[in-house]
Amino acid sequence: MTALARFDITRDEIERVVARFYERVRGHPGLAPVFAAHVDDWPAHEARVADFWANAILMERSYDGNPVAVHRDAGNVRPGMFETWLALFDNVLAQELTETQAQAWSALAHRIGSSLRAGVVERMRGPGGVPILR
């Protein structure tokens, strides 16, 4: 673990969790179509997401994207999907990591998920904050 890491985990463990998670996503009836509409190259997508998590957890500087904008601009991501995503992610964390690692990463994922959800919800509001139904 590097001195700056949020918790004790390796890059290999991050990549393994990301790979297992997206295996589950591709088989999930609600999430698979959402991702399939945007992801043509799964290995590249998983590498980019692993970079995101390595940046967030290990303080690497390998990710330079804007996940709020990506999720907001996707057009088919709805606020309620984040609960499904997080539950699936938590399940993978519990199966792939120690309890301490899983709890730490889950807490971070839930904070980030809340921010992403807020960005999507904000985009779906019209004048005066009224939700726009799509």
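Residues numbered from 1 in each chain as written. Predicted model: local features only at pLDDT ≥ 70, side-chain atom pairs only at ≥ 80, totals over all residues. Heavy atoms only, no water.

Peer 1: Is there a simple way to explain the confidence of the model for the protein in this structure?
Peer 2: Confidence along the protein averages 88 in pLDDT terms, with 88% of residues attaining 70 or more. Model confidence for the protein, summarised as mean pLDDT per element, is weakest for helix 4 (residues 67–73) at 82 and strongest for helix 1 (residues 11–27) at 97. Within the model, pLDDT remains below 50 along residues 130–134, and this stretch shows 10 contacts once partners closer than five positions in the same chain are excluded. (pLDDT = per-residue confidence, 0-100. Helix = DSSP H or I, 4+ residues; strand = E, 2+ residues; numbered from the N terminus. Contact = heavy atoms within 4.5 Å.)

Peer 1: How should I be thinking about the packing of helix 1 against helix 5 (residues 81–96) in this particular structure?
Peer 2: Axes are the key here: two packed helices are described by the angle between their axes and the distance separating the axes. Contact geometry of helix 1 with helix 5 gives a least axis separation of 9 Å together with a crossing angle of 130°. Relative to helix 5, helix 1 is oriented oblique. Helix 5 is crossed by helix 1, and the crossing has right-handed handedness. On helix 5, the residues touching Arg16, Val17, Arg20, Phe21, Arg24 and Val25 of helix 1 are Trp85, Leu88, Phe89, Asn91, Val92, Leu93, Gln95 and Glu96. In terms of residue class, the contact of helix 1 with helix 5 is made up of 8 nonpolar, 2 polar and 4 charged. (Axes fitted to C-alpha atoms, helices over the stretch in contact; angles between N-to-C directions. Parallel < 35°, antiparallel > 145°, perpendicular 65-115°, else oblique. Left-handed = near helix turned anticlockwise from the far one by under 90°. Nonpolar A, V, L, I, M, F, W, Y, C, P; charged D, E, K, R; others polar.)

Peer 1: Honestly, the nonpolar core in this entry has me stumped. Any pointers?
Peer 2: Buried together is how nonpolar side chains tend to be arranged in soluble globular proteins. Residues Ile14, Trp53, Ile57, Phe89 and Trp105 are the most contacted members of the largest nonpolar core, which totals 39 residues. Elements with a minimum of two residues in this core: helix 1, helix 2 (32–36), helix 3 (42–58), helix 5 and helix 6 (99–123). A per-element tally of this core places helix 3 first, with 9 residues. Among residues more than four places away in sequence, those in contact with phenylalanine 89 are Val17, Phe21, Trp53, Trp105 and Ala109. (Core = buried A, V, L, I, M, F, W, Y, C linked by side-chain atoms within 4.5 Å. Buried < 20%, exposed > 50% of the residue type's maximum accessible area, 1.4 Å probe, protein only.)

Peer 1: Looking at this model, I keep getting lost on the pattern of salt bridges. Mind explaining?
Peer 2: Side chains that carry opposite charge are capable of pairing whenever their charged atoms lie near each other. Across all of its chains, the model carries 9 salt bridges by this definition. Among the ionic pairs, glutamate 96 bridges to arginine 20, the shortest N-O distance being 3.6 Å. Taken as a pair, glutamate 96 in helix 5 and arginine 20 in helix 1 lie far apart in primary sequence, 76 residues in all. Note on arginine 20: relative accessible area 32%, which makes it partly exposed. Among the salt bridges present, the one from arginine 117 reaches glutamate 83, with a minimum N-O distance of 3.6 Å. With arginine 117 in helix 6 and glutamate 83 in helix 5, the pair connects residues that are 34 residues apart, well separated along the chain. Residue classification places glutamate 83 among the partly exposed positions, given a relative accessible area of 45%. One network of salt bridges, with partners in common, ties together Arg11, Glu15, Asp51 and Glu60. (Salt bridge = Lys/Arg side-chain N within 4 Å of Asp/Glu carboxyl O.)

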